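A closer look at the structure
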Amino acid sequence: MTLTADARTDAAHSTAVPPWWRQAAVYQIYPRSFADSNGDGLGDIRGVTSRADYLAELGIDAVWLSPFYPSELADGGYDVADYRDVDPRLGTLDDFDDMVAALHARGIRVVVDIVPNHTSDQHAWFQEALAAGRGSAARERYIFRDGKGPDGAEPPADWVSVFGGPAWERVADGQWYFHNFATEQPDLNWDNPEVRADFVRTLRFWSDRGVDGFRIDVAHMLTKDLAEPLPSRAELDALPFDGTHPLIDRDDVHEIYAEWRKVFNEYDPPRTAVAEAWVAPSRIPLYARPESLGQAFNFDLLQADFDAAEFRRVVSDNLTLAEASGSSSTWVLSNHDVVRHATRYGLPPLPGERGRDAEKHGSAWLRAGGPESALDREGGLRRARAASAFLLGLPGSAYLYQGEELGLHEVADIPAGERQDPTFFRTEGEEIGRDGCRVPLPWTAEGSSLGFGADGAHLPQPAWFAQYAVDAQEDDAHSTLELYRRALKLRHELQTEEKLEWIETGRDDVLHFRRPNGWEVVTNFGVEPYALGAGEIVLSTAEDASGEVPGEATVWVRTA
Ligand code: NOJ
């Protein structure tokens, strides 16, 4: 699949004023851990509304809300029981409308998460499929198969779920259903026209309520080729990811997004979408092009070491890919699925490995019980601030995760009995899972659940969270919160054309780039100070920058 010349031209010339999302700073809210308005231990929609001023003061352009729909929480809400409602524990549709109005009144757009690969097993469709039995139309909305072996007692294939354990589950009448993720997340059958029509209805439902855009969960997994005989796990693993793989990143998934794009474009302004697609870099533009979802995450910075060469390669590669797609690039250092970047950057390199890869490195530390002795909290935060200020100076969209503006670290020592992530249970604790980055935010250094709500936040907050609280950082010019506020405010002046020009530094541990408005961003990944040329320092992640960039710091310089 390639991009048409027309699509590229349209993207480049369609509007005089670039669409709002191209260089937006989007703040991810994990609603159950953001702010709890009714004291039941779970964050909720009114909690978000109550913090609208905080969000406005932070200076973001949009919020993206992870799922807030009815859910049995088998996977933190990514198991949706009803796509067109609010979980009663989190509020009502009226609360949702009030939240959208409060955010819009402050100039903040709203992006919601759509989870189309799978429903919850509590979804009315799945319950109907169980009751209706084999061969029924209700089962056709999912992926049901007879098992193998004399009495069908063996799964149709030996595939393994993304969260560990088998990917096929047997139901009472002996058939099996496929689930890429947890058992409670049956995969939908995207060959079924009813499934396609229902998601279009969902997109219209939220668009009509004023939602500005959508984040599409595992956008690369919806369509499947499940022609018999099914391949074995080993056979699957040997197949290339070139658009023809039976389960991942198939070319035919873009037929769905072409239809969605027509729906998005019915609205004024057109609704936006960003793909969560873990695919080869060369295939990202297929999701990001204007006739598809319009933007796609790149997770390369999130997986990169705190290293000048790696950062430069990631930035250059992704700006090229963005240009090829007609979209703007996206940048991410943390989200609800990975070890927070302050912690990743505070860990010693794994023996034999150069990278501090979020998946490998952070989870290895967590598995070891997250020993405090192995974590350089201060150094990790220093490097995280430098990396964040670097990211915020780049052309394109910055996706930030709640709590990173406070410099929060991962919480490693959550007792097994209080963990929630299915990864932890499905791997029998071998993978610790993602709860450590989902611990409710500390708003105040004192008081019940540190200002999150009443006592008993749904994941335990450690005592050290208090020092990162919002009220402990406000008005402290050197705090991480004030650094983010300043950077996000200045960013609006910085984000003119979507371009950068590298300035050679003569050092392999310093990156220096200039934006078209003359502003420069310099990040020193090493320890030796780097001397600056002319210009006014408008932002610094270190306290003592003047005329030079100290080690492990970023400064922004206004030269024009
Ligand atoms: C990606 C989401 O980010 C993650 O949290 C979730 O577990 C899986 N998709 C399955 O929906």
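This text follows the structure it describes.
As a starting point, this report considers the structure included with it.

1. Observations concerning the pattern of salt bridges
Pairing is possible between side chains of opposite charge, provided their charged atoms come close. Per the counting criterion, the structure on display carries 40 salt bridges. One salt bridge in this structure joins Arg 313 and Asp 317, with 3.9 Å as the shortest N-O distance. Here Asp 317 and Arg 313 lie together in helix H11 (residues 308–325), a separation of 4 residues that amounts to about one turn. The partner of Arg 485 in a salt bridge is Glu 474, and the shortest N-O contact between them spans 3.0 Å. In this pair, Arg 485 sits in helix H17 (residues 480–494) while Glu 474 sits in the loop between helix H16 (470–473) and H17, placing the two residues 11 residues apart along the sequence.

2. Topic: the nonpolar core
Judged by nonpolar contacts, the single largest core of 139 residues is most densely connected at Leu 55, Trp 260 and Trp 556. Element by element, the count of residues in this core is highest for helix H14 (residues 377–392), at 8 residues. Setting aside residues up to four positions removed in sequence, Trp 260 forms contacts with Pro 116, Trp 190, Phe 199, Val 200, Leu 203, Ile 216 and Leu 293. Judged by nonpolar contacts, the second largest core, of 17 residues, contains Ala 167, Trp 176, Leu 226 and Ile 248.

3. Things to note about the site of the ligand
The environment of the ligand is made up of 13 residues, and the closest members are Asp 75, His 118, Asp 217, His 336 and Asp 337. Within the side chain of Asp 75, an N or O atom sits 2.6 Å from an oxygen atom of the ligand. Contact distances for the ligand include 2.5 Å between an oxygen atom and a side-chain N or O atom of Asp 337. Taken by itself the ligand offers 300 Å² of open surface, and the protein chains cover 97% of this. Per-class residue counts for the shell around the ligand are 4 nonpolar, 2 polar and 7 charged.

4. Topic: the side chain of Asp 212
Relative to the helices and strands, Asp 212 resides in the loop between helix H6 (193–208) and strand S7 (213–216). At a separation of 2.8 Å, a polar atom in the side chain of Asp 212 contacts the side chain of His 104. Dropping the residues within four chain positions of it, Asp 212 is found in contact with Trp 20, His 104, Arg 109, Val 110, Pro 270, Arg 271 and Thr 272.

5. Thoughts on the packing of aromatic side chains
Each aromatic ring pair is described using two quantities: the centre-to-centre distance and the angle formed by the ring planes. All told, the structure shown has 39 aromatic pairs when counted by the stated rule. Aromatic side chains Phe 68 and Trp 206 sit 5.4 Å apart centroid to centroid with 90° between the ring planes, which places their arrangement in the edge-to-face category. With a gap of 138 residues between them, Phe 68 in the loop between strand S2 (62–65) and helix H4 (93–105) and Trp 206 in helix H6 connect regions that are remote in the sequence. As far as burial versus exposure is concerned, Phe 68 and Trp 206 are alike and both buried. Relative to Phe 178, the ring of Trp 159 lies with its centre 5.4 Å away and its plane at 85°, an arrangement referred to as edge-to-face. Placement of the pair is Trp 159 in the loop between strand S4 (144–145) and strand S5 (168–170) and Phe 178 in strand S6 (residues 176–178), with a sequence separation of 19 residues. Comparing Trp 159 with Phe 178 shows no difference in burial state: the two are buried. Above the plane of the ring of Trp 464 lies Arg 377, whose end atom (NZ or CZ) is 4.0 Å from the centre. A cation over an aromatic ring shows up here: Arg 419 above the ring of Phe 424, its NZ or CZ 5.7 Å from the ring centre.

6. What about helix H5 (residues 124–132)?
Owing to its 3.6 residues per turn, the α-helix aligns residues three or four sequence positions apart on the same side. Residues Trp 125, Phe 126 and Ala 129 constitute the buried set of H5. Here the buried residues of H5 occupy an arc of 95° about the axis, which is enough to place them on one side. With respect to the buried face of H5, the exposed residues turned more than 90 degrees away are Ala 124 and Ala 131. Each element contacted by the buried residues of H5 is listed here: S4, S6 and H6.

7. What about the pairing of strand S17 (residues 553–558)?
With 5 of 6 residues buried, S17 lies mostly within the body of the structure. Pairing between strand S13 (residues 519–524) and S17: 6 bridges, direction antiparallel. Within the sheet, the bridge partner assigned to Thr 523 lies in S17 and is Thr 554. Strand direction decides the pairing type here: strand S15 (residues 536–540) and S17, joined by 4 bridges, are antiparallel.

8. Remarks on the packing of H6 against helix H8 (residues 253–264)
Packed helix pairs are characterised by how far apart their axes lie and by the angle those axes make with each other. The interhelical angle for the contact between H6 and H8, taken along N-to-C directions, is 30°, at an axis separation of 10 Å. By the criterion of interaxial angle, the relationship of H6 to H8 is roughly parallel. Both H6 and H8 take part in a crossing whose hand is right-handed. On H8, the residues touching Arg 196, Phe 199, Val 200, Leu 203 and Arg 204 of H6 are Glu 255, Ile 256, Glu 259, Trp 260, Val 263 and Phe 264. The class makeup of the residues in the contact of H6 with H8 is 7 nonpolar, no polar and 4 charged.

9. Examining the packing of H14 against H17
Orientation of H14 relative to H17, taken along the N-to-C sense of each, is 15°, at an axis distance of 10 Å. Classified by the angle their axes make, H14 and H17 are roughly parallel. The handedness of the crossing between H14 and H17 is right-handed. Listed contacts from H17 to Leu 381, Arg 385, Ser 388, Leu 391 and Leu 392 of H14 are Thr 480, Leu 483, Tyr 484, Ala 487, Leu 488, Arg 491 and Leu 494. Residue classes in the contact of H14 with H17 are distributed as 8 nonpolar, 2 polar and 2 charged.

10. Observations concerning the sheet that holds S6
Pairing within the open sheet is antiparallel, and its 3 strands lie in the order S4-S6-S5. If you trace the sheet from one side to the other, it starts and ends with S4 and S5, each paired once. With 3 bridges connecting them, S5 and S6 associate as antiparallel partners. In the sheet register, Glu 169 faces S6, and the bridge partner there is Tyr 177.

Quick notes on the rules
- Residues numbered from 1 in each chain as written.
- Predicted model: local features only at pLDDT ≥ 70, side-chain atom pairs only at ≥ 80, totals over all residues.
- Heavy atoms only, no water.
- Salt bridge = Lys/Arg side-chain N within 4 Å of Asp/Glu carboxyl O.
- Helix = DSSP H or I, 4+ residues; strand = E, 2+ residues; numbered from the N terminus.
- Core = buried A, V, L, I, M, F, W, Y, C linked by side-chain atoms within 4.5 Å.
- Buried < 20%, exposed > 50% of the residue type's maximum accessible area, 1.4 Å probe, protein only.
- Contact = heavy atoms within 4.5 Å.
- Near = heavy atom within 4 Å.
- Polar contact = N/O pair within 3.5 Å; in protein donor to acceptor, adjacent residues only side chain to side chain.
- Areas by Shrake-Rupley, 256 points an atom, 1.4 Å probe, with all protein chains shown as cover.
- Nonpolar A, V, L, I, M, F, W, Y, C, P; charged D, E, K, R; others polar.
- Phe/Tyr/Trp six-rings, centres within 6.5 Å; stacked < 30°, edge-to-face > 60°.
- Lys NZ or Arg CZ within 6 Å of the ring centre and 35° of its normal.
- Arc of directions from axis to C-beta.
- Pairing = 2+ DSSP bridges.
- Axes fitted to C-alpha atoms, helices over the stretch in contact; angles between N-to-C directions.
- Parallel < 35°, antiparallel > 145°, perpendicular 65-115°, else oblique.
- Left-handed = near helix turned anticlockwise from the far one by under 90°.

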